[in-house]
Amino acid sequence: MGGAGRATLLAVVLGAAAGGCGPAGPRTVELTVRHSTFEPAAVEAEPGETIRFVVRNLDPIDHELIVGPMPVQRRHQVGRDAHHHGSVPGEISVPRGTTGVTTYTVGAGPVPFGCHLPGHWAYGMRGVVRVG
């Protein structure tokens, strides 16, 4: 392998070791919704890491996952955005009995996540991505 090939391979390996989004893609974190709570309620991440959230809704009611800083959480809490088709990273609706997938690239943390359907956030349906 030539010098350029070795340098490219080293960059890919170092990127993967640093938690980056190398050839294997983002790291997957599975969240289960049960009794209007997220399990787990805390996720660890490194700054700049892309996380693929797979959300399994085992409840008999609809939920959503909104990942983002508090201004994003407040915007959803007041009801500006009601349904999420996954076109915005970190925002997905997850109807009862289904699984939804979204990705989010973490910046500075901590980064909250939660459900803002009526009463869910107040009930405590939220968690945090701890960054560091």
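Treat the numbers as computed from the prediction; the structure is a model and nothing was measured. (Residues numbered from 1 in each chain as written. Predicted model: local features only at pLDDT ≥ 70, side-chain atom pairs only at ≥ 80, totals over all residues. Heavy atoms only, no water.)

(A) Highlighting the sheet that holds strand E7 (residues 99-105). Taken in spatial order, the four strands make up an open sheet running E2-E1-E4-E7, and their pairing is mixed. The sheet terminates laterally at strand E2 (37-39) and E7, the two strands that pair on one side only. The mean inter-strand angle of the sheet, taken between neighbouring strand axes irrespective of direction, is 30 degrees. Sheet topology note: the strand E4 (residues 50-57)/E7 ladder contains seven bridges and is antiparallel. (Pairing = 2+ DSSP bridges. Helix = DSSP H or I, 4+ residues; strand = E, 2+ residues; numbered from the N terminus. Axes fitted to C-alpha atoms, helices over the stretch in contact; angles between N-to-C directions.)

(B) Quick peek at the pairing of strand E6 (residues 91-94). Residues Glu-91 and Ser-93 line one face of E6 and the alternating positions Ile-92 and Val-94 line the opposite face, and both faces are buried. Inspection of the sheet shows strand E5 (residues 63-67) paired to E6 by four bridges, in the antiparallel sense. Bridge pairing in E6 places Glu-64 opposite Ser-93. (Buried < 20%, exposed > 50% of the residue type's maximum accessible area, 1.4 Å probe, protein only.)

(C) Looking closely at the side chain of Thr-50. Structurally, Thr-50 is set in strand E4. At 2.8 Å, the side chain of Thr-50 forms a polar contact with the side chain of Thr-105. (Polar contact = N/O pair within 3.5 Å; in protein donor to acceptor, adjacent residues only side chain to side chain.)

(D) Main features of the nonpolar core. With 20 residues, the main nonpolar core has Leu-31, Phe-38, Ile-51, Phe-53, Leu-65, Phe-113 and Val-129 as its most contacted residues. Of all the secondary structure elements, the ones that give two or more residues to this core are strand E1 (27-34), strand E3 (42-45), E4, E5, E6 and strand E8 (111-114). (Core = buried A, V, L, I, M, F, W, Y, C linked by side-chain atoms within 4.5 Å.)

(E) Looking closely at unusual backbone geometry. Omega for the peptide link from Glu-39 to Pro-40 comes to 0 degrees, which places this bond in the cis form. Residue placement: Pro-40 occurs in the loop between E2 and E3. Note that the residue after Gly-109, namely Pro-110, is joined by a cis bond; omega there is 0 degrees. Mapped onto the elements, Pro-110 comes out in the loop between E7 and E8. Here the phi dihedral of His-35 falls at roughly 55 degrees; this positive angle occurs in a residue that is not glycine. One non-glycine residue with positive phi stands out, namely Ser-36, at about 55 degrees. Tracing the chain through its elements places Ser-36 in the loop between E1 and E2.

Remember, this is a structural readout, not a statement about activity or role.
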